[in-house]
Amino acid sequence: MSEKRIERIAIVGNPNTGKSTIFNWLTGLNQQVGNFPGVTVDRKKGNYDFNGQTYEVIDLPGTYSIFPRSEEERIVRDLLLNNQDSDFPDLVIYVADRTQWERNLLLFTQLYDLGIPMLLVKTMSDQDALWSSSQHPIWKDRHIPVVDVNGRSGEGIQELKAAIAQFHNAVDLRKPIVEGDLRELQENLEGQVTNTQRRYAWIKENFPLKGAQAKEQLFHKSKWDSLLIHPVWGYAIFALVLFVIFQFIFRFASVPMDFIDGWFVQLSGGVKEYLPAGIFVDLIAEGLIPGIGGVVTFVPQIAFLFFFLSILEETGYMSRVVFIMDKLVRPFGLNGKSVVPLMSSVACAIPGIMSARTISNGRDRLITILVAPLMSCSARIPVYTLLISLVIPEGNLLGWIDLKGLVLFALYALGLIAALLMSMVFKWILKAKHEGFMVMEMPSLKPPLMRQVGITVVEKVKVFVLDAGKVIVALSIVLWALASFGPSERLQRAEEAIMIKAQENHLTDEARSEMLTAVKLENSYIGILGHWIEPVIKPLGYDWKMGIAIITSFAAREVFVGSMATIYSVGQDFEDNSRLLDRMRKDFNEDLGKPTYTIASGLSLMVFYVFAMQCLATFAVVQRETTSWKWPVIQVIYMGVLAYLSALITYHLFL
Amino acid sequence: MTQNILTILTVGGAAFYLLRMFYAMWKENKTKCTGCAVHQLYMAKQKRA
């Protein structure tokens, strides 16, 4: 009998057996979420103290067998077959659902024969009155400690901790369940089938199902399911659920968001007012604080969305949604689980992309992430409303359809159509070795566990603020520097010209200051870039001013309006857009010999904003979620090209 | 003067952080096959060469 101090524990089991619930009960909020090296599968680690000792726990992805069929299963197989791996556990907690023994115990028997130290945890205790809680004698014979845990109440967690602390490794005493080395069968499909059949035979022999239990396992469908997955009512209920979620996100998340936004604006103002004037104070007030504000502002939206999503997950309703939506979106290269991320992206692409983690198929998840920012998010609304007010005339179509409303609707529809079409393109480009199919478990419907919901919300917010937040703040500082500095001679000349103009025209201090800000932006590196790209954007009907606004609004789409306000010298403290709209309407393009903003150039700009990936935070989140810079860069390029070509076509269509 | 130095350090630090992160990701990803059509074409070309 070999003894080793238990320090690292891995939680292993089939999907939907309650592994994460056990992990959350053990570690609470002492969790870190990362990725397994080189892949985008969650690697959840945490720790807890018991009797003066610290235990590290890793929650491994749900796995059915040691013969992998998916990326998640490959990760588990690679880890458990390699005792040199830095994550190799001293003990495996094998979590099995008491109501699904036959399927759940297959992996258990495989790990048993691989000689992995194990402790068996039986879950779903409270749901199943049919099963006796007495321990089967086989576990004692096989030297496997067994603990019953009630995932809902946490009953049994202390017993589990005690069992881990008292664990005695009896691997040397094990007699194999099925003879043969599983490592050698990894490439032998026929051998795998025979081996698996012998294991199922062992499970059936030792755990025979009685009539009622067998029926329960085979027809595990509640009366609610006939409604929730109904071909008509199923969609209607889902539409209603989405409607309620979006109402909450738009109405209630906007309250804390506006508060946070206002607080950061005040903080910036306070810093400028109370700290000694200088370039570093400008950096703090105009670069760092808005950068941090840009991260924190999204927190309510992310928290709200994940609150609802985890309630849907916890209740088991999400699996029903995935089931009914899958056949609708599969022709587009998406899967049922893509629907929620895409719908969420209408509020904001960031939580939408983060919620794509529920998609286990790597390719489907990547496609969802790549197309999600095409859905028109709430940050586009200020841009759309400004441009619609500017170029779309008042009036009705067919006597009752408001023209401006129709254009706004068309912009949203355009985003959705583009997302579906681009999914098809990516499906063709990102060829899979095997076409994906959906195998899913339909967990039973149950009330949500609010503790789990809370942990999910905190974890998602933490991931966004700490991981993506760092990139957003760093990029905001770099963008600030590019918008604040420029060739000194050029800046000086421009400033002198403004001073002379101010003196000649007897301008007020405020007007002079607004003109100075505008001229500084025009002659900054970003401004020079705006002038420099003018030949490229000229075919779209844009001038250098729009070029600057497009470049600065890479930070966030809504920055377009603020940049325009700076360029047209109306300041940032405008209460509505009327002053800005007035100046933009009067702007005349000398080269083209007509107003800068016509229906053609305005629609072209709107279409550009439908498709262009003008969002630094989304860029950072895609980088974080794909653990790669390649995909966010590809995304920026493809969306940029799509935006440019569509804007070009639109401009010439309406010219 | 102090403000200038602090600004240079902050902006330089932010740019360095992004570049370092970019480099680390690039290093990790360059050996990983994505299995996409473009990469497969590239691999086939490499093989032929």
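Residues numbered from 1 in each chain as written. Chains lettered and ligands numbered in written order. Predicted model: local features only at pLDDT ≥ 70, side-chain atom pairs only at ≥ 80, totals over all residues.

Some words on the overall build of chain A
Across its full length, chain A holds 29 helices and eleven strands. Burial analysis of chain A (655 residues in total) assigns 39% to the buried set. In chain A, 72% of the contacts between residues at least 6 apart in sequence involve partners at least 24 apart. (Helix = DSSP H or I, 4+ residues; strand = E, 2+ residues; numbered from the N terminus. Buried ≥ 20, exposed ≤ 12 C-beta atoms within 10 Å, placed from the backbone. Contact = placed C-beta atoms within 7 Å.)

Some words on the overall build of chain B
Helix and strand content of chain B: two helices and zero strands. Looking at chain B as a whole, 6% of its 49 residues qualify as buried.

Focus: the packing of helix H20 (residues 488–505) of chain A against helix H21 (residues 509–522) of chain A
Residue and element names in this part refer to chain A. Put simply, H20 and H21 touch, their axes get as near as 10 Å, and they point 155 degrees apart. With respect to each other, H20 and H21 are oriented roughly antiparallel. The handedness of the crossing between H20 and H21 comes out as right-handed. Counting all contacts with H20, which are made through Leu491, Ala494, Glu495, Ile498 and Ala502, the residues of H21 involved are Arg512, Met515, Leu516, Val519 and Lys520. Tallied by class, the residues present in the contact of H20 with H21 amount to seven nonpolar, no polar and three charged. (Axes fitted to C-alpha atoms, helices over the stretch in contact; angles between N-to-C directions. Parallel < 35°, antiparallel > 145°, perpendicular 65-115°, else oblique. Left-handed = near helix turned anticlockwise from the far one by under 90°. Nonpolar A, V, L, I, M, F, W, Y, C, P; charged D, E, K, R; others polar.)

Points about the nonpolar core
All names here are of chain A. Residues Ile350, Ile353, Met606, Phe611, Leu616 and Ala617 are the most contacted members of the largest nonpolar core, which totals 112 residues. Take this core: its biggest share by element is twelve residues, from helix H19 (residues 450–484). Look past the residues within four positions of isoleucine 353 in its chain and what remains in contact with it is Pro341, Ile369, Ala372, Thr618, Val621, Val622 and Glu625. Core analysis: the next-biggest nonpolar cluster, separate from the first, contains 34 residues, Ile66, Ile75, Val76 and Leu160 among them. (Core = buried A, V, L, I, M, F, W, Y, C linked by C-beta atoms within 7 Å.)

Observations regarding helix H2 (residues 71–80) of chain A
Residue and element names in this part refer to chain A. All of the buried residues in H2 are Glu72, Glu73, Ile75, Val76 and Leu80. End-on view of H2: buried residues confined to an arc of 155 degrees, all on one side of the axis. The inward-facing, buried residues of H2 contact strand S1 (8–13) and helix H3 (101–113). (Arc of directions from axis to C-beta.)

Observations regarding unusual backbone geometry
With a phi angle near 50 degrees, asparagine 51 of chain A is a residue other than glycine that sits in the positive phi range. With respect to the helices, strands and loops of the structure, asparagine 51 of chain A is situated in the loop between strand S3 (42–50) and strand S4 (53–59).

Here's the deal with the pairing of S1 of chain A
Residue and element names in this part refer to chain A. Extensive coverage of S1 is indicated by the burial of five of its six residues. One ladder, built from four bridges, connects S1 with S4; its direction is parallel. Its bridge partner lying in S4, arginine 8 is registered against glutamate 56. (Pairing = 2+ DSSP bridges.)

Some details on the pairing of strand S6 (residues 118–123) of chain A
Residue and element names in this part refer to chain A. With five of six residues buried, S6 is to be regarded as a mostly interior element. Direction of pairing for strand S5 (residues 91–97) relative to S6: parallel, over a ladder of six bridges. Bridge assignment links valine 92 to a residue of S6, and that residue is methionine 118. Traced from S5 through H3 to S6, the parallel crossover comes out right-handed. Relative to strand S7 (residues 146–148), S6 is paired through three bridges, and the arrangement is parallel. Within S7, the residue paired with valine 121 across the bridge is valine 147. (Right-handed = clockwise from strand over helix to strand, strands pointing away.)

Regarding the confidence of the model for chain B
Looking at chain B, pLDDT values average 70 and 49% of them are 70 or higher. A low-confidence stretch, residues 32–38 of chain B stays under pLDDT 50, and its non-local contacts, those more than four residues away or across chains, total seven contacts. (pLDDT = per-residue confidence, 0-100.)

Section: the environment of leucine 228 of chain A
Residues and elements named next belong to chain A. Turning to its location among the elements, leucine 228 is positioned in helix H8 (residues 225–228). Taking the C-alpha atoms as reference points, leucine 228 and arginine 320, separated by 92 residues in sequence, lie 6.6 Å from one another. Other than its neighbours up to four places away in sequence, leucine 228 contacts Gly234, Ile237, Tyr317 and Arg320.

So, helix H11 (residues 279–296) of chain A
Residue and element names in this part refer to chain A. For H11, with 18 residues, the first-to-last C-alpha span of 24 Å sits near the 26 Å given by 1.5 Å per residue. In the structure, H11 departs most strongly from a straight axis at leucine 288, where the bend amounts to approximately 25 degrees and where the proline proline 290 lies between one and four residues downstream. Buried within H11 we find Phe280, Leu283, Ile284, Gly287, Leu288, Ile289, Pro290, Gly291, Gly293, Gly294 and Val295. (Expected span 1.5 Å × (residues − 1). Bend = angle between axes of the 7 residues up to and from the residue.)

Overview of the environment of tryptophan 224 of chain A
Residues and elements named next belong to chain A. Looking at the secondary structure, you find tryptophan 224 in the loop between helix H7 (211–218) and H8. The exposure class assigned to tryptophan 224 is partly exposed, which follows from the 13 C-beta atoms found within 10 Å. The spatial distance from the C-alpha of tryptophan 224 to the C-alpha of leucine 445 is 8.3 Å, given a sequence separation of 221 residues.

Structural notes on the confidence of the model for chain A
Residue and element names in this part refer to chain A. Mean pLDDT over chain A: 81, with 89% of residues reaching 70 or higher. The element-level mean pLDDT for chain A is lowest in H7, coming to 53, with helix H27 (residues 599–611) highest at 95. Segment residues 128–134: pLDDT under 50, and seven contacts once partners within four positions in sequence are set aside and those in other chains are kept.

Re the packing of helix H28 (residues 616–626) of chain A against helix H29 (residues 630–654) of chain A
All names here are of chain A. The N-to-C vectors of H28 and H29 enclose an angle of 140 degrees; their axes lie 7 Å apart at closest approach. By the angle between their directions, the pair H28 and H29 is classed as oblique. The crossing of H28 and H29 is right-handed. Across the interface between the two elements, Phe619, Val622, Gln623 and Thr626 of H28 pack against Trp631, Pro632, Gln635 and Val636 of H29. By residue class, the composition of the contact of H28 with H29 is five nonpolar, three polar and no charged.

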